[in-house]
Amino acid sequence: MEKKYLELLDTLYITYSKDLYAVARFRLEDEDAAKDAVQMVFLLAVQKIQILHKHENKKLWLYKTMQNVIKQMLYNKKYTKEGYIREILSDTVREYPYEDQYPFEELGIITSLKEYLKKREYQYLIARFVQDKSIREIADLFGLSYQGTVSLENRVLKKIEKILKKTNKKGEDN
């Protein structure tokens, strides 16, 4: 590879790699996937260096390439809901656990909340607070976005707070 191409790649990497990483991190919501995306963009830049060298707006070329790489990664089986479902089916987390699979003491108040919560809300509680899954892992399990899972958590916690206030008032009345 010619020296001018190597210098161009170095300059572009130093100038734009952090910004490209930030874009990928935001869109993919995964640190390792974001690093992979940046690496793929620069691998493509190496492969298409003559086109990139002639391109008027090299920054635009990099960002458009990043956009395409992210789309490809999101549609790749590893990053889609179906891909995660396949992974889940091969793990022990095939179905959401219920109280008969855990000692009662470990679940504590969660089992008493079951009658007040919808099935998905109860499954969320089990996954989050018994299995200690992260919000990202739960998002993948439920097929939700990260923000959708955060919203689910907020709804569930508000609902629990109302339930606990209601049951405390009943206890005080007796």
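Residues numbered from 1 in each chain as written. Predicted model: local features only at pLDDT ≥ 70, side-chain atom pairs only at ≥ 80, totals over all residues. Heavy atoms only, no water.

**Remarks on helix 9 (residues 135–142)**
Part 1 of the reasoning: Within helix 9, six of the eight residues are buried, which leaves it mostly tucked inside the rest of the structure.
Part 2 of the reasoning: Phi for Gly143, located one or two positions after helix 9, is positive at around 75°. (Buried < 20%, exposed > 50% of the residue type's maximum accessible area, 1.4 Å probe, protein only. Helix = DSSP H or I, 4+ residues; strand = E, 2+ residues; numbered from the N terminus.)

**So, the nonpolar core**
Part 1 of the reasoning: With 23 residues, the main nonpolar core has Leu20, Leu62 and Met66 as its most contacted residues.
Part 2 of the reasoning: Elements that contribute at least two residues to this core include exactly helix 1 (3–28), helix 2 (31–47), helix 3 (49–54) and helix 4 (58–75).
Part 3 of the reasoning: No other element matches the eight residues that helix 1 contributes to this core.
Part 4 of the reasoning: Beyond its immediate stretch of four places on either side in the chain, Leu62 contacts Leu12, Tyr16, Leu20, Val41 and Phe42.
Part 5 of the reasoning: If you look at the next biggest cluster of nonpolar residues, it comprises 16 residues, including Tyr122, Leu125, Ile126 and Ile160. (Core = buried A, V, L, I, M, F, W, Y, C linked by side-chain atoms within 4.5 Å. Contact = heavy atoms within 4.5 Å.)

**Side note on the packing of aromatic side chains**
Part 1 of the reasoning: If you walk through the whole model with that rule in mind, you get one aromatic pair.
Part 2 of the reasoning: Note on Tyr13 and Phe42: the rings are 5.1 Å apart at their centroids and 70° apart in plane angle, and the pair reads as edge-to-face. Linking Tyr13 in helix 1 with Phe42 in helix 2, this pair joins segments that are 29 residues apart in sequence.
Part 3 of the reasoning: A residue is classified by how much of its surface remains accessible, and Tyr13, at 45% relative accessible area, is partly exposed.
Part 4 of the reasoning: Exposure remark for Phe42: the relative accessible area of 10% places this residue in the buried category. (Phe/Tyr/Trp six-rings, centres within 6.5 Å; stacked < 30°, edge-to-face > 60°.)

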